[in-house]
Structures are given as structure tokens and as C-alpha cells.
Amino acid sequence: MICNLWEVLDILKCYNFLRVILMLNENNNEEIIDELKKIVKQKGLKYTEQREIVLNILLHAKEHLTAEEIYNQIKKDYKDSNIGIATVYRALSFLEEVDLITSITFGTDGKKYESNAKSHHDHLICTSCGKIIEFIDDEIEKRQDKIAKKNKFKITSHSMQLYGTCDTCQDS
């Protein structure tokens, strides 16, 4: 098991994720914002408060949010800010590109976003109402590792999304 852990850490180092993941697991929002500043500087871009505000909204969110929900939260929490919906979409795209947030796509219904500050988890997604239920199952994780090992495959990351109908929609 320790050998597998070191292999995973080596993979993460190769992709320059180790520092980010350790900070995200500590759930220290200031350090995550500092990481955003470093990434922006490394890319030679101008640091903008708008990106930080969007990231802050997601860091404090209790659920997955659409771009429109993020925009509405900004209007509520940052009344003096002049951030338009197009800026929110651009910030979300950038934050996802640099792995500070992730999204779940709902086809023509768009995306919902969450920060990467949470530990690894998978999703149950209701195709009727869009409800997202997060879950962790160690048996599933072990089975994925076993399948990868059997096929001499190194997993660098994964995402599991199971689609169906939630209990509320089943009762409707």
C-alpha cells in the first residue's frame, strides 16, 4: 500500500498538483487564494479581484452552483463589485483550467461548479431536478485501483458521476 501511495504522489508531482492538493485538503482558503495569485503570475496574467471573488464564492458554497447562482451570490455579497455574468463565465473557465474548481456538465442545461477544497468524492446526479448527492465509497475506490492494476494502468485522477432519479422525483 505504501508503494502505491508513493506512486500516486510521484504522479501528482509530475502534474504539479501536489502543492495545490495538499493546500486544498487543509481547506485553508487564504492559501488557496495565494495559490491562485501564484498561478496567475506564472501564466503572466493580470491578477483580478473578480477571479478571487468567484473562487471565494465556491470555497464557501455548501452545494454545487451554476454560473448564474454564483453571479447572484456576487450581487448579494459584493454589492460594490461590478462583475457581469460574462466575467463570471471567464473566471470559472480559468479556475477550472488551473484545477482550483471542477464542474459537472448537464448537457444543454449547462454546468454546476464546486471548489476542489473538498476531499475526493463521487456524485449521484438526478436527471429530473438536477440534485447532486456527494458520496464516498472505499470499496468502489479499491475496485478501481484493482482494475487499473490488473490492466497495468496508472490512474492519475478520476471522476465518477452516476445519473438517475432522486427519491423526491421518484415520488412525484
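Residues numbered from 1 in each chain as written. Predicted model: local features only at pLDDT ≥ 70, side-chain atom pairs only at ≥ 80, totals over all residues. Heavy atoms only, no water.

### A word on the overall build of the protein chain
Helix and strand content of the protein chain: eight helices and five strands. When burial is assessed residue by residue, the protein chain has 34% of its 172 residues classed as buried. In the form shown here, the protein chain has an accessible surface area of approximately 11500 Å², with 51% of it arising from carbon and sulfur atoms. (Helix = DSSP H or I, 4+ residues; strand = E, 2+ residues; numbered from the N terminus. Buried < 20%, exposed > 50% of the residue type's maximum accessible area, 1.4 Å probe, protein only. Areas by Shrake-Rupley, 256 points an atom, 1.4 Å probe, with all protein chains shown as cover.)

### Quick word on the environment of Lys118
Topologically, Lys118 is positioned in the loop between strand 2 (111-115) and strand 3 (122-126). On the basis of relative accessible area, Lys118 is assigned to the partly exposed category, the value being 30%. The spatial distance from the C-alpha of Lys118 to the C-alpha of Leu59 is 9.1 Å, given a sequence separation of 59 residues.

### Notes on the pairing of strand 1 (residues 101-105)
Where strand 1 meets strand 2, five bridges bridge the pair, whose relative direction is antiparallel. Within the sheet, the bridge partner assigned to Thr102 lies in strand 2 and is Glu114. (Pairing = 2+ DSSP bridges.)

### Some remarks on the environment of Cys129
The topology assignment puts Cys129 in the loop between strand 3 and strand 4 (132-135). Taking C-alpha positions, Cys129 is 8.2 Å from Thr165, a pair spaced 36 residues apart along the chain. With sequence-adjacent residues up to four places away left out, Cys129 is seen in contact with Cys166 and Cys169. (Contact = heavy atoms within 4.5 Å.)

### Description of the nonpolar core
Of all hydrophobic cores here, the largest spans 27 residues; its most connected members are Leu55, Ile70 and Leu92. Looking at this core, the elements that each hand over two or more residues are helix 3 (29-42), helix 4 (49-60), helix 5 (67-77) and helix 6 (85-97). Looking at this core element by element, the count peaks at six residues for helix 4. (Core = buried A, V, L, I, M, F, W, Y, C linked by side-chain atoms within 4.5 Å.)

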